[in-house]
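Architecture and fold: a report
One letter stands for each residue in the lines below.
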Amino acid sequence: MRADLALIYRWIAPNAHVLDLGCGDGTLLAALARDKQVTGYGLEIDPAGIASCLRRGVSVLEQNLDDGLGNFDDDACDLVIMTQALQALRRPDTMLDEMLRVAPECIIAFPNFAYWKHRLHLSLRGRMPVSRSLPHAWYDTPNIHLSTFKDFAALCRQKGVTIVDEAVGSANHEGHWSSRHWPNLFGETAIFRVRRGS
Amino acid sequence: MSASFPSDSVGLVTPQTATFESPLALACGKTLERFELVFETYGTLNAERSNAVLICHALSGHHHAAGYHDAEDRKPGWWDAYIGPGKAIDTDRFFVVSLNNLGGCHGSTGPASVNPATGQQWGPTFPVMTVADWVHSQARLADRLGIDRFAAVVGGSLGGMQAMQWSMAYPERVANVATIAATPRLSAQNIAFNEVARQAIRSDPDFFDGWYAEREAIPKLGLKLARMIGHITYLSEHSMGSRFGRDLRSDQLNFGYDVEFQVESYLRHQGDTFSTRFDANTYLLMTKALDYFDPAGEHGGDLAAALSPVACPYLVISFTTDWRFAPARSRELVTALLRAGKRVSYINVDSPHGHDAFLLPNAQYEAVFSSFMQRIDDDLKRGESNNGGNH
């Protein structure tokens, strides 16, 4: 399992009812259903991902996240998960509102643009960073709203959203997750667990 | 002769008839004292009797869903693209049951059958059937075949409505449902098209208020028009355009009313063929069953409430260019299932072929449908190994 998914897997309580936005091939939901009796739905737009979810017995809906979550009632779930999709949304801020309407808690993972390699790339070469976590060129990238670990924390403060947990790690698979030492500089992937404002 | 069939075909199949002597109470208040259902099966029922898949047919469909009746047949059954060895509904894994619904004109009891009360053909007096009536009759067939619970009930269009009805009427008897290019109820526009089709039939001078058989007449003109109207709604503007465009049959305009455009020729041909093989009273009855289906209507318009008995996962498939039962209709069903807290998966398959796409080969559709069916097979195998106590 991808390192960010492995961390999220540990954070999720047994028997939770979850919504996974951009669930890919359904790896996380299938593991959660098998080991923790977690129920819920994945949203995905890639047909190959949808087929893979169905094969694993994961309930999956073809739904573009930019169209919102209008088909889910308030508090429909315990938890909404979104990994590697925030930066590709038209309005990440309104999506955060939507996620916290549908569930009291959500977990969001995204590439940290302030990662030192990205900073170095931009400052030394003067070109948009291309890296393991941001593999696209500026002209064809789906990542239209890049942000940093600090940016997201600021958005949460501004919206009165409570940050329960935060962690950063490398984008490859040997995850060492920490938020103690200069997360905004050394974290390649950022993960936040947030709740509705207290 | 079987060597002449494709290797992924179920090959030669023979329809069977089941006769039911105990009365079936119908939604209209009438009762069928006895009835017959014609059906076909493909594949083998396993020892646990757990691998049966029920196929529900659409408006003009019937029991012959896959394979060939005769070595000389040019065309296989209507859903042969998705039923057979190694296909989405894999007959090496599943035991497939496909029947002709009551009121049909392909062998099951219908308007052309004899009414035992009068000794005459039912004709227009055959009771108007509902989707719920059909599902009750299908449950009788399942009893007869020793099937307590279907591994899946699957249907496209009107067939999808029957699959929905199964999950509401017999939740304990269906392990999975797939509704394809279906809708939880017809729109006013859908009903309007059906009404034009019915008027075309009923105003045919050869219809004789439904007693055309007695007069040895066939309301061919009405059936032809009904089919032409229906057929337009089965195709997309794009598929008609790419197939016919504004092509002419000859190279010049004739300034008359004979067939000039290729699309006119095609529609007339479709209508003519249909008018010789389909029964007018059956067509009227099938369109009524479509119009009446509205599970939400019985729950104050609340579809989620209607779906509350559902106990199995749903797969809902729509097609991007289907305007008869548009993707939005499938999404209504999906949203209601979500609201009711049910397991549901949904995909809107990219296809240029309109409503007809549910019958046609399509890699994306096939991949999704196959994955769903393979998971059902996985579940069955897991169940078997658990029952065997080996693991």
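Above this text you will find the structure in question.
Note that the structure is a prediction, hence the values are computed from the model and not measured. (Residues numbered from 1 in each chain as written. Chains lettered and ligands numbered in written order. Predicted model: local features only at pLDDT ≥ 70, side-chain atom pairs only at ≥ 80, totals over all residues. Heavy atoms only, no water.)

1. Some details on unusual backbone geometry
Residue and element names in this part refer to chain B. A positive phi is found at phenylalanine 208, a non-glycine position, where the angle reads about 50 degrees. Here phenylalanine 208 is to be found in the loop between helix H3 (188-202) and helix H4 (220-234). Positive phi is not limited to glycine here, since aspartate 209 has a value of about 55 degrees. In this structure, aspartate 209 sits in the loop between H3 and H4. The exposure class of aspartate 209 is exposed, given its relative accessible area of 59%. (Helix = DSSP H or I, 4+ residues; strand = E, 2+ residues; numbered from the N terminus. Buried < 20%, exposed > 50% of the residue type's maximum accessible area, 1.4 Å probe, protein only.)

2. Topic: the pattern of salt bridges
What the rule picks out here adds up to 28 salt bridges over all chains. Between Asp4(A) and Arg2(A) there is a salt bridge, with the nearest N and O atoms lying 2.9 Å from each other. The class for Arg2(A) is partly exposed, based on a relative accessible area of 32%. One salt bridge connects Arg329(B) with Glu332(B), and the closest N-O pair in it is separated by 2.8 Å. (Salt bridge = Lys/Arg side-chain N within 4 Å of Asp/Glu carboxyl O.)

3. Topic: the environment of Asp151(A)
Within the secondary structure, Asp151(A) sits in helix H6 (residues 149-159). In sequence terms Asp151(A) and Asn112(A) are 39 residues apart; their C-alpha atoms lie 9.3 Å from each other.

4. A few points about the side chain of Lys342(B)
Topologically, Lys342(B) is positioned in the loop between helix H9 (327-339) and strand S12 (344-349). Buried charge without a salt bridge: Lys342(B), with Asp302(B) as the nearest opposite-charge side chain at an N-O distance of 12 Å. Leave out the neighbours within four places in its chain, and Lys342(B) touches Tyr41(A), Leu307(B), Ser308(B), Pro309(B), Val310(B) and Leu337(B). (Lys, Arg positive; Asp, Glu negative; His and termini not counted. Contact = heavy atoms within 4.5 Å.)

5. Comments concerning the interface of chain B and chain A
Between chain B and chain A, the contact holds 21 residues from the first and 17 residues from the second. Each partner contributes to the roughly 1500 Å² buried at the junction of chain B and chain A, and carbon and sulfur atoms together form 53% of this total. For the chain B face of the interface with chain A, the top three residues by lost area are Leu338(B), Arg339(B) and Tyr346(B), together amounting to 31%. Counting the contacts that link chain B with chain A gives 2 salt bridges. Our count for the chain B to chain A interface comes out at 9 residue pairs in polar contact (both at pLDDT 80 or more). At the level of secondary structure, the elements contributing two or more residues to the side of chain B that touches chain A comprise H9, S12 and helix H10 (363-388) of chain B. Among the elements that make up the side of chain B that touches chain A, the one with the highest residue count is H10(B) (8 residues). Class assignment for the residues of the side of chain B that touches chain A results in 9 nonpolar, 7 polar and 5 charged. (Buried area = accessible area lost by both parts, 1.4 Å probe. Polar contact = N/O pair within 3.5 Å; in protein donor to acceptor, adjacent residues only side chain to side chain. Nonpolar A, V, L, I, M, F, W, Y, C, P; charged D, E, K, R; others polar.)

6. Considering the nonpolar core
Looking at soluble globular proteins, one finds that nonpolar side chains tend to be buried together. Leu19(A), Leu21(A), Met82(A), Tyr283(B) and Tyr314(B) are the most contacted members of the largest nonpolar core, which totals 108 residues. With residues near it in sequence (within four places) discarded, Met82(A) still touches Leu21(A), Leu65(A), Leu89(A), Met95(A), Met99(A), Ile107(A), Ile108(A) and Ala109(A). One finds Cys23(A), Tyr82(B), Leu315(B) and Ile347(B) within the second-largest nonpolar core, a separate group that totals 60 residues. (Core = buried A, V, L, I, M, F, W, Y, C linked by side-chain atoms within 4.5 Å.)

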